[in-house]
Amino acid sequence: MTQRREPTARQMRLAIELRRLRQAAGLTTIEAAALLGVNRVQMSQIESGLVGVSKERVRRFASHYACTDKEFIDALAAMATDRARGWWEEYRGLLPKPFLDLSELEHHARFLRSVDMLFVPGLLQTEDYARALFSARLPELTHEELELRIRHRKARQESTIPYEAVIHEAALRIRVSDRATSKSQLARLLELSEADHITVRVIPFDLDDFAKASSTMTYAGGLLPKLDTVLRDAPHGSILLHAEAQLTIYRTRFRMVEAVSIDPLRSRDFIHELAREL
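Residues numbered from 1 in each chain as written. Predicted model: local features only at pLDDT ≥ 70, side-chain atom pairs only at ≥ 80, totals over all residues. Heavy atoms only, no water.

Asks: Explain the pattern of salt bridges to me, please; I cannot follow it from the model alone.
Replies: Pairs can form between side chains of opposite charge whenever their charged atoms are close. All told, the structure shown has 23 salt bridges when counted by the stated rule. The salt bridge involving Arg201 is made with Glu164; its shortest N-O contact spans 3.0 Å. In this pair, Arg201 is assigned in strand 3 (residues 198-203) and Glu164 in strand 2 (residues 163-168), connecting sequence segments 37 residues apart. Across the pair, exposure class does not vary: Arg201 and Glu164 are buried alike. Linking Glu194 and Arg268 is a salt bridge whose minimum nitrogen-to-oxygen distance equals 3.6 Å. In this pair, Glu194 sits in the loop between helix 10 (179-192) and strand 3 while Arg268 sits in helix 12 (residues 264-277), placing the two residues 74 residues apart along the sequence. Looking at Arg268, the relative accessible area reads 21%, which means it is partly exposed. One salt-bridge network, in which partners are shared between bridges, spans Glu127, Arg131, Glu147 and Lys154. (Salt bridge = Lys/Arg side-chain N within 4 Å of Asp/Glu carboxyl O. Helix = DSSP H or I, 4+ residues; strand = E, 2+ residues; numbered from the N terminus. Buried < 20%, exposed > 50% of the residue type's maximum accessible area, 1.4 Å probe, protein only.)

Asks: Got a minute to help me understand empty space enclosed by the protein in this structure?
Replies: Where empty space is left becomes clear once a probe the size of a water molecule has been rolled over the atoms. In total, this model carries two cavities of 30 Å³ or more according to the counting rule given. A volume near 50 Å³ is recorded for the largest cavity. Looking at the lining of the largest cavity, the elements that each hand over two or more residues are helix 9 (169-173) and helix 10. Ranked by residue count, the leading element in the lining of the largest cavity is helix 10, at three residues. Each residue belonging to the lining of the largest cavity can be placed in one class, and the counts come to six nonpolar, two polar and no charged. The space that makes up the second largest cavity amounts to roughly 30 Å³. (1 Å grid on protein atoms, 1.4 Å probe; cavity = no way out; pocket = protein on both sides within 12 Å on 5 of 7 lines; lining within 4 Å. Points joined across faces, edges and corners; volume = space filled by probe spheres on them. Nonpolar A, V, L, I, M, F, W, Y, C, P; charged D, E, K, R; others polar.)

Right under this line is the structure:
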């Protein structure tokens, strides 16, 4: 087994799920290694995503761990089988790993949902809007680093999977650059909201009792609900959440935010009026 230098987020997720299955079966690493005919070091490497596993081995693991959820086992086997290099691999070593993890997550998602409070979500940004955000970063990016980020963001926007974006009015009003950039961004939102795979909803300022619903997030649907993932921004990067309790919380959070947002048609009218104000 060839050891990986840096497992991808998807490879790590498979490893985590295999570890969870072992723990649910009440087996230690040593006990599981003995059942599976590998040594303790190999077992640890598998559960750390440092080495890959075949779909046959995934099914063998599931059998020894007494997992009878056929759909789940099939989904894990599919994750083990999919070893194609995605378009984002051209950026490996050029952009920080979280950029690649996000691209991989979006590529494999069955659907995407996002809630954004301060900025228009990346998948819906114009180039000028994205450039203004990246240019504000400290320490300042070099020209090459800036252009790489812009090119990567534009490549992400080629996705056509179902995407529902809930955007707070604050994000629509904040001028990350000048008036022209804001107006162009609102026009782009109106254009994208007409796409078959994109739904845009707005949360207006004029809303009571919103604190319990607010939560910036990106929610990516997996092959099965238990393989969903939530991405949250953190001060020094982003974190991926996928424990069942966490997923339940963020599913509920999204439903709450969606419920207080205005419907897509009224949201387009709302954005149009904001553009007219500019």
